[in-house]
Amino acid sequence: MAGIAAATRKSRYHSRLFASLAMDTMTENDYLTAWGLYAFAALGCLLVWWRMTRWIWRWLREPLQLLMAVLLFSPTIVDPVKTQFAPAVAITALDLVLKVGNNAWRAISDLFMYTMIAFAVYIVIVLIRWPIERAAKARRERKAAADAALAAEPDDDDEPFRRPAPVSGMRVEPRL
């Protein structure tokens, strides 16, 4: 009799207190909270990466920073029915390491697509920025050459009765 009662009795997870822990699905609020926490952590990782690559030559640093941003912030679809997304790097790593699911190739293709789009936009921005920087550099060089030429000119005596410049530390008396 005691064995029958134990078999028909529900587990402790069926009580109201643990009902939310026994659910297999995330609510919309849980989903948004998880994405918010991931975005905050990914932003921190990206800032650390920018700090680590600060010393590198600019034309290598910017593509590396862009690649890291794409790796951290590119999503891939996990469940097409529910339209739920997850970070593509996490899905790829989990599917390859744990050998579960078949989302690895989809995540890799999404990563590749986002990378190509980001680098295409980056190349367009560089092609716009490059002539502007060259013109600014030429303008700075012309200004430096003009300043050097002006400094090299001898002083003309346009004002023969000009006051002499005061020597530092000496008192200047007014003229009457």
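Here the structure is a predicted model, which means the values were calculated and not measured. (Residues numbered from 1 in each chain as written. Predicted model: local features only at pLDDT ≥ 70, side-chain atom pairs only at ≥ 80, totals over all residues. Heavy atoms only, no water.)

Participant: Help me out: how do you make sense of a nonpolar patch on the surface in this one?
Facilitator: Judged by side-chain polarity, Leu43, Leu47, Trp50 and Phe73 come together as a nonpolar surface patch covering roughly 380 Å² of accessible area. Top element by residues in the nonpolar patch is helix H2 (residues 28-52). It accounts for 3 residues. Tracing the backbone through its elements, the reader meets phenylalanine 73 in helix H3 (residues 58-73). Looking at phenylalanine 73, the relative accessible area reads 39%, which means it is partly exposed. (Patch = residues over 30% accessible without salt bridge, like charges linked within 9 Å, V, L, I, M, F, W, Y side chains within 5 Å. Areas by Shrake-Rupley, 256 points an atom, 1.4 Å probe, with all protein chains shown as cover. Salt bridge = Lys/Arg side-chain N within 4 Å of Asp/Glu carboxyl O. Helix = DSSP H or I, 4+ residues; strand = E, 2+ residues; numbered from the N terminus. Buried < 20%, exposed > 50% of the residue type's maximum accessible area, 1.4 Å probe, protein only.)

Participant: I'm lost on helix H5 (residues 104-152) in this one. Help?
Facilitator: Working note: α-helix, 3.6 residues per turn, so residues spaced by three or four point in the same direction. An ideal rise of 1.5 Å per residue puts 72 Å on 49 residues; H5 measures up with 68 Å between its terminal C-alpha atoms. Arginine 129 marks the point of greatest bend in H5, at about 25 degrees, and the proline proline 131 comes within the next four residues. Within H5, the full set of buried residues consists of Ala104, Ala107, Asp110, Leu111, Thr115, Ala118, Tyr122, Val126 and Ala136. (Expected span 1.5 Å × (residues − 1). Bend = angle between axes of the 7 residues up to and from the residue.)

Participant: When you look at the environment of leucine 72 in this model, what are you seeing that I'm missing?
Facilitator: Counting through the fold element by element, leucine 72 comes out in helix H3. The class for leucine 72 is buried, based on a relative accessible area of 14%. When the C-alpha positions of leucine 72 and cysteine 45 are compared, they lie 8.3 Å apart, and in sequence the two are 27 residues distant. Discounting residues that sit within four places of it in the chain, leucine 72 has contacts with Tyr38, Ala42, Cys45 and Leu46. (Contact = heavy atoms within 4.5 Å.)

Participant: So what exactly am I meant to see when it comes to the nonpolar core here?
Facilitator: Nonpolar side chains in soluble globular proteins generally cluster together in the buried interior. In terms of nonpolar packing, the biggest core is built from 5 residues, these being Ala86, Ala88, Ile91, Ala107 and Leu111. At the level of elements, helix H4 (88-98) and H5 are the ones that each hand at least two residues to this core. In this view, alanine 88 contacts Ser74, Pro75, Thr76, Ala107 and Leu111; residues no more than four positions away in its chain are not counted. (Core = buried A, V, L, I, M, F, W, Y, C linked by side-chain atoms within 4.5 Å.)

Participant: Help me understand H2 in this model?
Facilitator: With 25 residues, H2 extends 36 Å between its outermost C-alpha atoms, agreeing within 8% with the 36 Å of an ideal straight helix rising 1.5 Å per residue. All of the buried residues in H2 are Tyr31, Ala42 and Leu46. Close packing links the buried residues of H2 with H3 and strand S2 (84-87).

Geometry only, nothing functional implied.
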